[in-house]
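Listed below are the residues making up each chain.
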Amino acid sequence: MSLTQNEIVGVLKVATAYDGRQRGEADVIAWMDSAARAGWTYPEALEAVKDHFAFDGSWIGPAVVTKRIQARRDAAERARLAELGAAKRAELESGDADHTADPDRVRSAIEAVADRLGWQRKPKRTHAALAVACPHCGAAPGRKCARTIRRGHRAGEFVPLSTVHDSRVGAFQNGDR
């Protein structure tokens, strides 16, 4: 993707044709370095120089070329995204797209992403004490223990816990089934 020395000389010749300044070997080396760092292509660099002199007669350097190339690339990407957005909107409005977020589709999408990223799923651990009812919160066998929110706008709501109450573990160990 990097420009050759001959291509850089060609770009500099176009710039010289506009402003009449003479450029030397050091300019070629500096412009080659900038072209490599910013990933210029030859057609992009030529267009950037021509665009610059079409609107501005000031001295041109590699930074100006890079900014113009990046602005052109950004505009092309915005246009591409706008086109994709319009196509997606049309697809949704036509009713052809299945855009529901049902749990099975969400789960399969998450699993696909997890597989792609190489995530390892931890097996779900169930506490053996879930086999008995909880004497503290009254959770039925097989159900998670819960606590009651005491204050705020959610007062009175039950919130499931990630663990089990100690009294439930004791009941399980004593064989209260």
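Residues numbered from 1 in each chain as written. Predicted model: local features only at pLDDT ≥ 70, side-chain atom pairs only at ≥ 80, totals over all residues. Heavy atoms only, no water.

**Q** Break down the overall build of the chain for me, citing the residues and quoting the values.
**A** Per the secondary structure count, the chain includes 6 helices and 2 strands. Seen in sequence order, the chain has helices and strands lined up from the N terminus as α-α-α-α-α-β-β-α. For a compact globule of 177 residues, the expected C-alpha radius of gyration is about 16 Å, and the chain comes in at 33 Å, more than 25% above that figure. Over its C-alpha atoms, taken along the principal directions, the chain stretches across nearly 95 × 45 × 35 Å. Taking all 177 residues of the chain together, 23% fall into the buried category. (Helix = DSSP H or I, 4+ residues; strand = E, 2+ residues; numbered from the N terminus. Rg over C-alpha atoms; globule rule 2.2 N^0.38 Å. Buried < 20%, exposed > 50% of the residue type's maximum accessible area, 1.4 Å probe, protein only.)

**Q** How would you sum up the packing of helix 1 (residues 5-19) against helix 2 (residues 25-38)? Please name residues and give values.
**A** Helix 2 packs onto helix 1 with a crossing angle of 110° between their chain directions and a minimal axis gap of 9 Å. The angle between helix 1 and helix 2 places the two elements in the roughly perpendicular class. Residues Q5, I8, V9, V11 and L12 of helix 1 touch helix 2, and the partners they reach there are E25, D27, V28, W31, M32 and A35. Split into classes, the residues belonging to the contact of helix 1 with helix 2 amount to 8 nonpolar, 1 polar and 2 charged. (Axes fitted to C-alpha atoms, helices over the stretch in contact; angles between N-to-C directions. Parallel < 35°, antiparallel > 145°, perpendicular 65-115°, else oblique. Contact = heavy atoms within 4.5 Å. Nonpolar A, V, L, I, M, F, W, Y, C, P; charged D, E, K, R; others polar.)

**Q** Explain the environment of R107 residue by residue, including any values.
**A** Checked against the element boundaries, R107 lands in helix 5 (residues 103-117). The exposure class of R107 is partly exposed, given its relative accessible area of 44%. Within the structure, R107 has its side chain in polar contact with the side chain of D104 (distance 3.0 Å). (Polar contact = N/O pair within 3.5 Å; in protein donor to acceptor, adjacent residues only side chain to side chain.)

**Q** Can you tell me about the nonpolar core, naming the residues and giving the values?
**A** The nonpolar side chains of a soluble globular protein tend to be buried with one another. By size, the foremost hydrophobic cluster in this structure holds 17 residues, and its most contacted members are I8, W31, W40 and V65. Contributing elements (two or more residues each) for this core: helix 1, helix 2, helix 3 (42-55) and helix 4 (62-94). Examining the composition of this core, we find that 5 residues originate from one element, helix 3, more than from any other. Ignoring sequence-local partners within four residues, the contact set of I8 consists of L3, V28, W31, M32, A35 and W40. Counting 7 residues, the second largest nonpolar core, distinct from the first, contains A129, C145, L161 and V164. (Core = buried A, V, L, I, M, F, W, Y, C linked by side-chain atoms within 4.5 Å.)

**Q** Help me get a handle on the packing of aromatic side chains, residues and values and all.
**A** One pass over the full model with this rule turns up 2 aromatic pairs. With 4.9 Å between their ring centres and 10° between their planes, Y18 and F53 make a pair best called stacked. Here Y18, found in helix 1, pairs with F53, found in helix 3; they are 35 residues apart in sequence, far enough to count as distant. Here the aromatic rings of W31 and W40 are separated by 6.0 Å at their centres, their planes lie at 80°, and the arrangement is edge-to-face. Taken individually, W31 and W40 each receive the classification buried, so the pair is uniform in this respect. We note R23 situated over the ring of W59; from NZ or CZ to the ring centre the distance is 4.6 Å. (Phe/Tyr/Trp six-rings, centres within 6.5 Å; stacked < 30°, edge-to-face > 60°. Lys NZ or Arg CZ within 6 Å of the ring centre and 35° of its normal.)

**Q** Outline a nonpolar patch on the surface, listing residues and values.
**A** A surface patch of nonpolar side chains, about 330 Å² in accessible area, is lined by V113, L117 and W119. Relative to the helices and strands, V113 resides in helix 5. (Patch = residues over 30% accessible without salt bridge, like charges linked within 9 Å, V, L, I, M, F, W, Y side chains within 5 Å. Areas by Shrake-Rupley, 256 points an atom, 1.4 Å probe, with all protein chains shown as cover. Salt bridge = Lys/Arg side-chain N within 4 Å of Asp/Glu carboxyl O.)

**Q** An account of helix 1 is needed here, citing residue identities and associated values.
**A** The first and last C-alpha atoms of helix 1 sit 21 Å apart over 15 residues, in line with the 21 Å expected at 1.5 Å per residue. Buried residues of helix 1: I8, G10, V11, L12, A15, T16 and D19, and no others. Where helix 1 is buried, its residues touch helix 2 and helix 3. Trailing helix 1 by a residue or two, G20 shows a phi angle of about 75°, which is positive. (Expected span 1.5 Å × (residues − 1).)

So, to be careful, I would describe these as geometric facts and stop short of saying anything about function.
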